[in-house]
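Close look at the chain arrangement
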Amino acid sequence: MARAYASAIIEAPVEAVWAAIRDFGALASWHPALAFSEIEGGGDPDVVGCVRNLKLEGGGTASERLLMLDDSRYTFSYSFETPAFPIDNYVATIELIPVTNGDKTFAQWTGTFDPRPEETGDYAELISNAVFAAGWAALAEKLKGATAPAGQGPRWQGMRPAKIFCSSIIAAPAAEVWSVVRDFASMDQWHPDIADMSMKGGVSSAKVSGVRSFRVGEGALEEQLTLLSDPDLAFRYRIVKSELPWLNYHAGLRLYPVTAGSGCCAVWTADWTAAPQDDLQLIPFVHNDVFQRAFDTLAAQLSSGAPTSV
């Protein structure tokens with residue numbers, strides 16, 4: 001199976017970007033490769049199972065079927081009905097992630113398919129560049145400086161992805177950022193309020209189930225690594241010792257590469273149980289003073305060439 005991918009940062013809030021791309025029949029309104037697009041039979045563009053017919057610039061046609069549409073997470077998937085390329089089992093997904101630090105949008109477009117044995121063309125590169133990347137570039141230009149539609153409801157319909165959702169753009173390649181944050185015992189080197197971090201028992205910082213201990217001010221904490229994924233550039237952990245008034249704290253960080261440039265989108269989430277009055281202090285503290293401050297420090301160190309743990 002082959003994979004095509006492109007991602008970009010769009011200088012507009014996620015609500016504005018979603019309003020522009022949610023209409024499955026309106027692809028030609030923002031993608032330069034298309035001369036025309038419409039929903040077959042004149043149906044509604046948000047009916048899962050509907051088919052859009054496409055006319056390509058320079059000739060050629062294709063059609064695609066909507067497989068999934070999720071307003072609560074800003075994503076949809078579709079497949080070819082009539083392929084634009086000689087490939088099989090094509091499924092593509094568009095996903096938008098709000099950037100909370102600056103109110104931008106991280107947009108990623110992923111496609112998987114089976115190349116036909118008799119074909120020698122590199123369709124993964126073609127789709128990544130001529131379809132996905134070209135689409136993001138045109139949309140970014142069209143929406144630069146756009147604002148959320150009037151009367152827009154809550155950003156997250158229903159439940160948020162997590163109690164804390166903190167995301168930021170770091171102007172360094174995802175692989176370089178990952179080489180720093182992957183070390184589970186290194187956060188004292190990229191957060192100014194954390195000190196004396198080490199793995200208990202001297203175990204490897206890549207050991208899932210390993211526990212790191214550290215100090216924040218006068219407080220002592222211990223956190224256990226519960227997930228480490230090099231393919232996904234992600235880790236998760238839980239607190240096993242803390243003086244703060246919360247239970248069942250579980251958090252995780254994931255990096256997303258930005259192909260339209262050299263940076264990455266970093267997303268840090270956390271959930272826990274606490275009394276509502278305690279959350280009034282805990283939520284802004286974790287979002288601003290822990291996660292966002294760590295992102296800001298890490299970004300500054302990488303941009304200046306300051307030494308970090310690797």
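Calculation notes
- Residues numbered from 1 in each chain as written.
- Predicted model: local features only at pLDDT ≥ 70, side-chain atom pairs only at ≥ 80, totals over all residues.
- Heavy atoms only, no water.
- Core = buried A, V, L, I, M, F, W, Y, C linked by side-chain atoms within 4.5 Å.
- Buried < 20%, exposed > 50% of the residue type's maximum accessible area, 1.4 Å probe, protein only.
- Helix = DSSP H or I, 4+ residues; strand = E, 2+ residues; numbered from the N terminus.
- Contact = heavy atoms within 4.5 Å.
- Pairing = 2+ DSSP bridges.
- Axes fitted to C-alpha atoms, helices over the stretch in contact; angles between N-to-C directions.

**As for the nonpolar core**
If you look at the biggest cluster of nonpolar residues, it comprises 51 residues, and the most contacted ones within it are Ile10, Tyr90, Leu96, Trp109, Ile127, Phe132 and Trp136. Counting residues per element, the ones that place at least two in this core are strand S1 (2–10), helix H1 (14–21), strand S2 (34–39), strand S5 (75–82), strand S6 (87–99), strand S7 (104–115), helix H2 (123–143) and strand S14 (264–273). Here the element with the most residues in this core is H2; it accounts for nine residues. With residues up to four places along the chain from it excluded, the contact list for leucine 96 reads Val14, Val17, Trp18, Ile21, Arg73, Tyr74, Thr105, Phe106, Ala107 and Trp136.

**Brief notes about the sheet that holds S7**
If you trace the seven strands from one edge of the open sheet to the other, you get S1-S7-S6-S5-S4-S3-S2, paired in antiparallel fashion. Whereas interior strands pair on both sides, the edge strands pair on one side only; in this sheet they are S1 and S2. Strand after strand, the sheet turns through a mean of 20° between neighbouring axes, direction not considered. Of the pairings in the sheet, the one linking S6 to S7 comprises eleven bridges and is antiparallel in character. By the bridge assignment, proline 98 is partnered in S7 with threonine 105. Packed onto the sheet, H1 meets S1, strand S4 (61–70), S5, S6 and S7 and runs at close to 150° relative to S6. Its contacts with the sheet place H2 against S1, S5, S6 and S7, and it is angled at close to 15° to S1.

**Some words on the pairing of S5**
Consecutive side chains along a regular strand alternate between the two faces of the sheet. With six of its eight residues buried, S5 lies for the most part within the structure. Sheet topology places S4 next to S5; seven bridges connect them, and they run antiparallel. Within S5, the position partnered with leucine 66 by the bridge is tyrosine 78. In this structure, the hairpin formed by S4 and S5 is closed by a connection of four residues, where tyrosine 74 is found at a positive phi of approximately 55°.

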